[in-house]
Every structure is written in structure tokens, then in C-alpha cells.
Amino acid sequence: MTDEELMEKVVKGWRSQETPCGAGSEVRHTINVRESLLKIVEKYNIQTVVDAGAGDLNWIKYMDWDVDYKGYDLYPRHDSVKQFDLTKEILPESDLILCRHVINHLSHDYAQRCIDNFKKSGSKYLAVTNCDRQRDCFEYGWKITGLELIETFLDFDHKRNNWCLEIYKL
């Protein structure tokens, strides 16, 4: 996939009536992840969150948490989200990088670039989505990145597959 093809895919958006960011960002589909993030923040003493793929912040406004939150996206759809290419740039250091429904859409090479840049950020943890259909395949099995999986939470149950939020130590 070229940079132009990736940008075209992102700008077009994903199939959803509620948000161009797709079904994974619909409020009804973020109930589990919002609850899980509150548990993660408490359990791992998270004070700073960098959202890598924040998009339009459709669901984040419903989070009642006391963290310093900053959103980054290749194609920001909200004024407070900074334009950022995860495959080429390094995020600021944070306690948690949240990367929901982003790198699972990328080729293996692009996904690995993102993971490498996440490691370079100096951040402590990565919360990334995975699904039952992709978990064990080479292309999207995050275990190939050398990251240490420490916990798994339910993200959302979609009609095609069950999504989880996996927490890795960076």
C-alpha cells in the first residue's frame, strides 16, 4: 500500500451512520472499552494517554477520567486532534498509547513501523485492538512484534468478529 492509497482509505472513512471513523467508534460499541479504560487507568496508574488514531473523538467525550489526554490522527476530524503519521513520526512519551482500530487496517510493514515508533516514544504501555479472526494470523498477530502482552479486555462484539483491547508493555 502506498502513502496515497492509505490516505485515500482514511479520508473515505469507514461504514457508519454515526461517525466516519467506523463502527468501532460508535458510542454503543464503546461501552466495554470505556469501562475497560477506566480499569486500566486505575490498575496501571495511568496519568497520560496519547490516542493514536483519535479521529473525530466521537466516543472519548463520554470518558469520565482524570488523565491528560491528547489525540493524534493521520486525518483529524476534530480541531483538538493533531495531524500525525504513526508510520513516520514518534508520539510524545505517555503512560499509555491507545491505538484502537488503526493498525489492524494496515499492511504488516506499516503496522510494524507503527509498533517500532510506539517503542521509540518511551511510553510505558500500548492498548491496541485485535479480533478473534486476526489474533493468530501472522499479519495481525501482535505477538510477532516482540511486545509483552499483559492483559486483555473486551472491546466490542461486532457482527463479523469479536474485538478485544490488548494491553502490552512497551
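To be clear, the structure that these remarks concern was listed above.
Rules of the game
- Residues numbered from 1 in each chain as written.
- Predicted model: local features only at pLDDT ≥ 70, side-chain atom pairs only at ≥ 80, totals over all residues.
- Heavy atoms only, no water.
- Helix = DSSP H or I, 4+ residues; strand = E, 2+ residues; numbered from the N terminus.
- Expected span 1.5 Å × (residues − 1).
- Salt bridge = Lys/Arg side-chain N within 4 Å of Asp/Glu carboxyl O.
- Buried < 20%, exposed > 50% of the residue type's maximum accessible area, 1.4 Å probe, protein only.
- Core = buried A, V, L, I, M, F, W, Y, C linked by side-chain atoms within 4.5 Å.
- Contact = heavy atoms within 4.5 Å.

A.B. asks: It is not clear to me how helix α2 (residues 31-43) should be interpreted in this structure. Could you clarify?
C.D. replies: Because each turn of an α-helix spans 3.6 residues, side chains separated by three or four positions end up pointing in the same direction. Spanning 13 residues, α2 covers 19 Å between terminal C-alpha atoms, matching the ideal 18 Å at 1.5 Å per step. Within two residues after α2, N45 carries a phi angle of roughly 50 degrees, on the positive side.

A.B. asks: When you look at the pattern of salt bridges in this model, what are you seeing that I'm missing?
C.D. replies: Side chains bearing opposite charge may pair, as long as their charged atoms lie close to each other. Tallied over the full model, the rule gives four salt bridges. With a closest N to O distance of 3.0 Å, E151 and K43 form a salt bridge. Linking E151 in strand β6 (residues 148-157) with K43 in helix α2, this pair joins segments that are 108 residues apart in sequence. Ionic pairing is found between K88 and D85, a salt bridge with its closest N-O pair at 3.9 Å. Take D85: its relative accessible area is 14%, and that puts it in the buried class.

A.B. asks: Honestly, the nonpolar core in this entry has me stumped. Any pointers?
C.D. replies: Soluble, globular proteins show a tendency: their nonpolar side chains are buried together. L37, I40, I46, W65, L96 and L165 are the most contacted members of the largest nonpolar core, which has 22 residues in total. If you list the elements that add at least two residues to this core, you get α2, β4 (96-99), β5 (125-131) and β7 (162-169). Among the elements that make up this core, the one with the highest residue count is α2 (four residues). Residues contacting W65, with those up to four places away along its chain left out, are L37, L38, V41, V49 and I60. Counting 20 residues, the second largest nonpolar core, distinct from the first, contains Y72, Y110, L126 and V128.

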